[in-house]
Amino acid sequence: MTDTTRRERMKMPRTPMPERDGRLRALDFDEVNLGYTDQLAILEATRCLQCARPVCVDGCPVGVRIGDFVAAVAEGRFDEAARIVGEDNSLPAICGRVCPQENQCEGACVMGRRSSPIAIGHLERFVADRARSNGDESEPRAAPSGRSVAIVGSGPAGLACAADLAGLGHDVIVYEALHEPGGVLVYGIPEYRLPKAVVAAEVGRLERLGVTFELNAPIGRAESIDDLLDRHDAVFIGIGAGLPRFLGVPGESLVGVQSANEFLTRVNLMGANRSDAETPVFVGRRVAVIGGGNTALDAVRTALRAGAESATVYYRRTEDEMPARVEEIRHAREEGVHFEFLLNPVGFEGKSRVEKMRLVRMRQTEPGEDGRRGVEPIEGSDVHVPVDTVVVAVGNAPNPMLANTPGLTVTRMGTIVTDEESGLTDKPGVFAGGDIVTGGATVILAMGAGRRAAAGIDEFLGSGGTTDGNVDRRMRRAT
Ligand code: FAD
Ligand code: SF4
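Residues numbered from 1 in each chain as written. Chains lettered and ligands numbered in written order. Predicted model: local features only at pLDDT ≥ 70, side-chain atom pairs only at ≥ 80, totals over all residues. Heavy atoms only, no water.

**Comments concerning the site of ligand 1**
For ligand 1, the set of nearby residues contains 36 residues, the closest of which are Val98, Glu176, Arg193, Ile219 and Asp435. Ala157 has a polar backbone atom sitting 2.9 Å from an oxygen atom of ligand 1. Contact with the protein chains covers 95% of the free accessible surface of ligand 1, which is 1000 Å². Here the element with the most residues in the shell around ligand 1 is helix α16 (residues 294-305); it accounts for three residues. Residues of the shell around ligand 1, tallied by class, amount to 19 nonpolar, 12 polar and five charged. Of the residues that make up the shell around ligand 1, three or more belong to each of domain 2 (148-242 + 398-478) and domain 3 (245-396). (Near = heavy atom within 4 Å. Polar contact = N/O pair within 3.5 Å; in protein donor to acceptor, adjacent residues only side chain to side chain. Areas by Shrake-Rupley, 256 points an atom, 1.4 Å probe, with all protein chains shown as cover. Helix = DSSP H or I, 4+ residues; strand = E, 2+ residues; numbered from the N terminus. Nonpolar A, V, L, I, M, F, W, Y, C, P; charged D, E, K, R; others polar. Domains from an automatic or database assignment.)

**Overview of the site of ligand 2**
Every residue lining ligand 2 is accounted for by Cys48, Leu49, Cys51, Pro54, Val55, Cys56, Cys109, Val110, Met111, Ile118 and Ile120. Grouping the amino acids of the shell around ligand 2 by side-chain chemistry returns 11 nonpolar, no polar and no charged.

**A word on helix α17 (residues 326-335)**
Taken together, the buried positions of α17 are occupied by Glu327, Glu328, Ile329, His331, Ala332 and Glu335. Residues of α17 that are buried make contact with α2 (22-25), α10 (120-133), α16 and β9 (338-341). (Buried < 20%, exposed > 50% of the residue type's maximum accessible area, 1.4 Å probe, protein only. Contact = heavy atoms within 4.5 Å.)

**Examining the domain arrangement of the protein chain**
How big an interface is tends to be stated in terms of the accessible area lost upon association of its parts. The domains assigned to the protein chain are domain 1 (3-134), domain 2 (148-242 + 398-478) and domain 3 (245-396). For domain 1 and domain 2, the distance between their C-alpha centroids amounts to 28 Å. Summed over both sides, the interface between domain 1 and domain 2 buries roughly 2100 Å², with carbon and sulfur atoms accounting for 68% of that surface. Counting the contacts that link domain 1 with domain 2 gives zero salt bridges. Scanning the region where domain 1 abuts domain 2 turns up four residue pairs in polar contact (both at pLDDT 80 or more). Contributions of two or more residues to the side of domain 1 that touches domain 2 are made by α6 (78-88) and α7 (92-98). No other element matches α7, which puts five residues into the side of domain 1 that touches domain 2. (Buried area = accessible area lost by both parts, 1.4 Å probe. Salt bridge = Lys/Arg side-chain N within 4 Å of Asp/Glu carboxyl O.)

In C-alpha cells, the structure reads:
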C-alpha cells in the first residue's frame, strides 16, 4: 500500500452500523442493529491498513485471521471471507453481534489510535449473515469414527464442541436441561440483540452435521455423568454458570424482587411479557435494575419493552467501571433507560410486595494495587426510591448440579478443575469448558474452550486422521 493510500484510509470515518430509531425499537423485540449492506461492508473493510503485524489478531481470543478476512470483504470476495472466519470461529454470526470487541480485536486495532478501529465485529456479522442467507454453510459429513460423545449443555461451549466433534465423524448427542438449545444465547440475551433465528440456524447446521439434541434432559437428576459414560466414549460438560447471586440484604425475598436470570428467562423463553402468557411477568411502572454488566443492561432494556414507564440501572461504581459493552450502554440511553451511579441498595421495603428500595451513596477510594478504584459507603447518605419491580443482576455462580459427580475436582467457587489445554477433568473421559470452568465470562471464551475440548476429546478417543485437512487445521488453531 502506498503512503498516500494509507493516509487516505486513515482519514476515512468508521462506517456506522444502520440501526432502528431508539424510541421505536424500545416498543418491540425486533433486532436493533440492521447489519451492513454489501456496499457498507466494502467501504468499512477498505479502511483496514492491512498491517504487516496485525495486532487485532492478538486481541481475538480465538485468533481469527482478521486482516485476511477483512481484505477479502474489501475485494467483494464474501464467500472467501466467511471461510476464513469459519476456520477459527464456529459461531461468527453470534460473536459478531455480542462479543465485546472494544476490549478485544477492536481494542487492539491500530486505527483506534488514529481515529476509530475497524468495525471488525460488524464485518464478522456481515460475512456470517451473508453466507447463511446464501446457504453457503454446508459442510460435508465426515466418515463415521464409530465413537460417541455426550455433551451436557447447549450453550456456546457445548455447541462449538459438538460442531468440531461432529466434523471429525464422531457421533454426538447434546443433553440440554431446557426445552430450547442455545444456553444463555436464547434464555439470557434478548431477541433484539441476538435473534433466536440466528441461534436456531447454528443448531440446524449442527443437526445437518448429524448432532442429536435431547431437550428437557437435565443431567444429574435421573441420569448421572457415570450413566452417560456407560453409553458414550467421552463426556463434555458445558453447563455454564446459571445460578444467580443475590445481594443478601433485608427484604430481598419480597414479591417483585427477582434475579435477572429468572426475569430474562421468563420473557425470552416463555413470552411472559405478553398479556396472554400462562404466567405473565408483572413489571409495574417503575423498574430498578441492580448491576452494571451485560445482564443488567439486558434486563433493563427488556423491562422497557415489557411496558415499564421508567427503567433505571443502579450501579455502585461509576460508568467507567461498568463491565457492560459500550454499544449496549449507548443503545440503552437512546431507548430511555436512566442510569444512577455510586448508589448501592441496602434493603427493600414493602408489605408483601416490594414498594421501596433503600440505597446508600458510595464514594470512590484511591486505586489499589490492581489500579482499580474501590468504593465505600458514605455514612448517613441513605436515600429511598419507590419501585414496583427490582431485578438483581449482580453476577452468577456455577451450576452446582454436577458438582458431586465422583472423580470431578471442584473449586471453592464451584467451578470444575480442568487441564487448560485439553479441558480434561480429573475424571477419565470427562472434559469440561466454558463458564462452568472459568465462572461467568464471554461467548467467545466459552466457544474457544469448547473447541479446545473437542480437540482434547478427539485425541483421547485416539481417532486421529478421520477427517479432511481443513478440519485438522482448524483443530490445531483452536488449541
Ligand atoms: P451457557 O450459555 O450458560 O449454557 C449452559 C447450558 O447448559 C444451558 O443451556 C443450561 O440450561 C444447560 N445446563 C445447565 N445444567 C445442565 C444439566 N445439569 N444438564 C443439562 N444441561 C444443563 N457474553 C458475551 O460475550 N457478550 C454478551 O453480550 C453477553 N451477554 C450476556 C447476557 C446475559 C443475560 C448473560 C447471563 C450472559 C451474557 N454473556 C455475554 C456471557 C455469555 O453468555 C456466557 O459467558 C456464555 O454463554 C457461557 O457459555 P457456556 O456454554 O459455558 O454456558
Ligand atoms: Fe486492519 Fe486494524 Fe487489524 Fe491493522 S490492526 S490489520 S488496521 S483491523
